[in-house]
Amino acid sequence: MKIAVCVKQVPDSETRINLAAPAAKLDQTGFTRVLNPYDAYAVEEAVRIKEARGGEITAITVGPETVRETLKKDCLAVGCDKAIIINDPLLAGADDAAIADVLCAALKKDNYDLILFGIKAIDDDSGQVGILVAEKLGLPHVSTITKLELGEGTLTAHREIEGGKEIVDCPLPAVLTCQKGLNEPRLPSLPNIMKAGMKPMQIVTCADLGVTPPAALVEIRQYSPPPARGTCRLVTGDDAAAAARELARVLNEEAKVI
Amino acid sequence: MQLNENQSMIRQMARDFATAKVAPIAHAIDRDGTFPEATVREMGELGFLGLVVPEEYGGVGADITSYALVVEELSRACGSHGLTVAAHNSLGCWPIATFGTEEQKRKYLPPAAAGTSLLSFGLTEAGAGSDAGGTRTTAVRDGDFWVLNGSKMWITNSHYAGALIITAKTDPAATGSRGISAFIVETGTPGFTVEKKEDKLGMRASDTAPLTLVDVRVPHANLLGKEGEGFKYFMKTLDGGRISIAALALGLAEGAFAVARDYTKQREQFGKPIAEFQAVQFMLADMATQIAAARLLTYEACRLKDAGQDYAHMSAMAKLHTSETAMFVTDRAIQCLGGYGYTTEYPVERMYRDAKLCTIGEGTSEIQRLVIGRHALGL
Ligand SMILES: Cc1cc2nc3c(=O)[nH]c(=O)nc-3n(C[C@H](O)[C@H](O)[C@H](O)COP(=O)(O)OP(=O)(O)OC[C@H]3O[C@@H](n4cnc5c(N)ncnc54)[C@H](O)[C@@H]3O)c2cc1C
Ligand SMILES: Cc1cc2nc3c(=O)[nH]c(=O)nc-3n(C[C@H](O)[C@H](O)[C@H](O)COP(=O)(O)OP(=O)(O)OC[C@H]3O[C@@H](n4cnc5c(N)ncnc54)[C@H](O)[C@@H]3O)c2cc1C
């Protein structure tokens, strides 16, 4: 079984974003970067499949060379066999469609039975790349999976839908996007961290893959900070009824919400 | 301080583990005084218990810097976890890996590294604390065996140990530091008993207990290193162990500092966050400065040891300064939190109690000063 896991490095969710005023670009200095948490479910699932049936896992990312550490610790040390970093100045400002094109070019270099993604990256919350890749490769895709069973040349996936779950059968090869609940990602052990450096990690450009990323269809024009939270106000009264009357008055006359 | 890629990954992994698994239980295990068996098992699986064990014996073979980073990260969340890992690695595994025979290493290190059984170090006795030369436990040769009699105090991890290194007098005529040898004693050996664990001020989830040895027969093959050299071995063991106690104290100080910093930004008195009062800022400034100095000393000691240079004086300085810093910082952290800091609702009072051990274990602050003074004077 050949599995590809497409991953992204994102700012840690604890990162404080310094954005005093709306701006076209984010100041990303001082960000701590981690593996996108949804991608960790994809990596873990791939490793479990490999442990159960054997195979080979390739982790693929589009990003700067600084993703090395994340790929080593959270992919190779966890059980992926090799890693490919697609790093090219041409990709500055690339949108989801362009990223998907480039990933497709990398994926076509090999014959993968299964291609796993996280449902979305927690930085831009876009959630499109996995599905775009499936469409571009002409492969079936199942999104938001919370359980996966593999058959011979087929798979059965459980996916979350509003108020319930849907069970889907699909032939291999296929593209899946992984949701929280699929598994509990493991931490890499220290010996595996130390040995991760011995696994192959390839850094390639768009030219190496024979792909020219298309011009971005989407342009990010502005990031703006969320509106400042209003100050808290404690509404009091002589008794509960009086406090409630006062609250209703404030909501109606001042906040104008009722 | 610049970490290399491996060190940086190891630190991040240890931090992730401490945040996910250790921090949530730290309060309860301290309150109840329970040894965290489940997380210790997980730490074994992740390699924390084989940090200083070479790879050929099932360990990680990490450098000392990486080891200190792990102890530091664990201790930010829980001192007891830090102590369990530090005592096992520095006092249990390291002397066997360093002074042991090939057979001893093959027998005792793999299960220790996997964490299936811990290794402890029994040096201290009721009458031999700072003055380990006062060891009264005896070992008498009987053919292929040594027969050990005596008792030990305050032995970390001993209820969970598969084997312990026990120091004993093998030459009754020798005085002071001479005539002491070290033995690897398996806990199942008849006559060997781990007594009831101590009820302590801090490090309450770390296992500390006295030992009793009555006619304990230990094969000669379990003599560690050479007969009569025990004192030298444990001095060297403690030189290294002190780095891990420094890392432990550093983690406690950092953990307490983070709580105090966040709290003072939230807590309002006199109409503003107390962090806006210069008196509070000065407390935080002093804490941060002491921590920065402690970190540099600790990792300088690591650097020297990793580079194969003399580090005994630096590890003593690191331990002295960092453990006193941990006392200072945890005390100030409680002060920053006022009455809340004095209660178990916040972790700073636990960190304060845990920090106290660091000025005592593996040589008190006074003993560190003796070591540093002798080095400074070239004695
Ligand atoms: C939680 C815990 C875990 C421990 N784990 C272990 C373990 O795993 N293995 C082990 O062998 N031991 C262990 N110990 C024992 C520890 O190493 C000793 O407590 C320590 O060495 C101090 O010895 P003591 O308690 O007998 O104090 P003492 O030596 O009696 O010291 C009392 C006071 O006198 C001072 N003092 C003593 N001599 C001098 C001097 N020459 N000059 C100036 N001041 C002096 C000391 O600094 C101290 O302030 C542990 C202790 C604790 C509390
Ligand atoms: C065991 C215990 C028993 C108690 N018993 C009683 C009791 O019987 N009755 C009772 O009424 N209260 C009692 N208290 C409450 C006690 O008096 C308060 O805890 C104390 O006054 C500090 O207030 P605080 O805890 O809210 O801390 P805070 O006022 O929040 O102080 C937090 C930190 O900010 C500093 N700080 C605050 N304002 C300033 C400023 N303007 N400039 C510089 N620094 C500042 C403080 O010095 C402190 O370091 C008790 C507290 C404890 C812990």
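None of the values given here were measured: they were computed from a predicted structure.

Here is what the cut-offs are and how they apply
- Residues numbered from 1 in each chain as written.
- Chains lettered and ligands numbered in written order.
- Predicted model: local features only at pLDDT ≥ 70, side-chain atom pairs only at ≥ 80, totals over all residues.
- Heavy atoms only, no water.
- Contact = heavy atoms within 4.5 Å.
- Buried area = accessible area lost by both parts, 1.4 Å probe.
- Salt bridge = Lys/Arg side-chain N within 4 Å of Asp/Glu carboxyl O.
- Polar contact = N/O pair within 3.5 Å; in protein donor to acceptor, adjacent residues only side chain to side chain.
- Helix = DSSP H or I, 4+ residues; strand = E, 2+ residues; numbered from the N terminus.
- Axes fitted to C-alpha atoms, helices over the stretch in contact; angles between N-to-C directions.
- Left-handed = near helix turned anticlockwise from the far one by under 90°.
- Nonpolar A, V, L, I, M, F, W, Y, C, P; charged D, E, K, R; others polar.
- Domains from an automatic or database assignment.
- Near = heavy atom within 4 Å.
- Areas by Shrake-Rupley, 256 points an atom, 1.4 Å probe, with all protein chains shown as cover.
- Pairing = 2+ DSSP bridges.

1. Observations regarding the interface of chain B and chain A
Contacts between the two partners involve 18 residues from chain B, matched on the other side by 12 residues from chain A. Here chain B and chain A share an interface that buries about 1500 Å² over both sides, 68% of which is from carbon and sulfur atoms. The largest contributions to the chain B side of the interface with chain A come from E5(B), M9(B) and M13(B), which together make up 39% of the buried area. A salt bridge links R68(A) to E5(B), with the shortest nitrogen-to-oxygen separation between them at 3.3 Å. Applying the counting criterion to the chain B and chain A interface returns four residue pairs in polar contact (both at pLDDT 80 or more). Sorting the residues of the side of chain B that touches chain A by element identifies α1 (5-32) and α2 (37-46) of chain B as the ones contributing at least two each. For the side of chain B that touches chain A, the element with the highest residue contribution is α1(B), accounting for nine residues.

2. Description of the packing of helix α8 (residues 312-337) of chain B against helix α10 (residues 365-377) of chain B
Residues and elements named next belong to chain B. At a minimum axis separation of 9 Å, α8 and α10 run at an interaxial angle of 145 degrees. In this structure, α8 meets α10 at a crossing whose hand is left-handed. Across the interface between the two elements, A312, H313, A316, M317, K319, L320, S323 and E324 from α8 touch S365, Q368, R369, V371, I372 and H375 from α10. Along the lines of polarity and charge, the residues of the contact of α8 with α10 split into six nonpolar, five polar and three charged.

3. A short note on the domain arrangement of chain A
One widely used convention gives an interface's size as the accessible area the parts lose upon coming together. Here chain A is described as being made up of domain 1 (2-209) and domain 2 (227-258). Between the C-alpha centres of domain 1 of chain A and domain 2 of chain A there is a distance of 47 Å.

4. Some thoughts on the site of ligand 1
Residues and elements named next belong to chain B. The immediate surroundings of ligand 1 are formed by 16 residues, with T124, S130, W154, T364 and E366 found nearest. At a separation of 2.9 Å, an oxygen atom of ligand 1 approaches a polar backbone atom of L123. Calculation on ligand 1 without its partners gives an accessible area of 980 Å², and the protein chains cover 64% of this total. Of all the elements in the fold, those that place two or more residues in the shell around ligand 1 are β3 (145-156) and α10. Top contributing element to the shell around ligand 1 by residue count: β3, with three residues.

5. A short note on the sheet that holds strand β4 (residues 56-62) of chain A
Residues and elements named next belong to chain A. Judged by pairing direction, the sheet is mixed, and its nine strands sit side by side in the order β9-β8-β7-β10-β6-β1-β4-β5-β11 without closing on themselves. This sheet does not close on itself; its edge strands, each paired only once, are β9 (164-171) and β11 (201-204). Averaged over neighbouring strand pairs, the angle between their axes works out to 35 degrees when direction is ignored. Relative to strand β6 (residues 114-118), strand β1 (residues 2-7) runs parallel, the two sharing three bridges. Pairing of A4 across the sheet is with I115, part of β6. Packing of helix α2 (residues 68-76) onto the sheet brings it into contact with β1, β4, β5 (82-86) and β11, and relative to β5 it is tilted by some 150 degrees. Each of β1, β4, β5 and β6 is contacted by helix α3 (residues 96-107), which is oriented at about 150 degrees to β4, the strand it contacts most.

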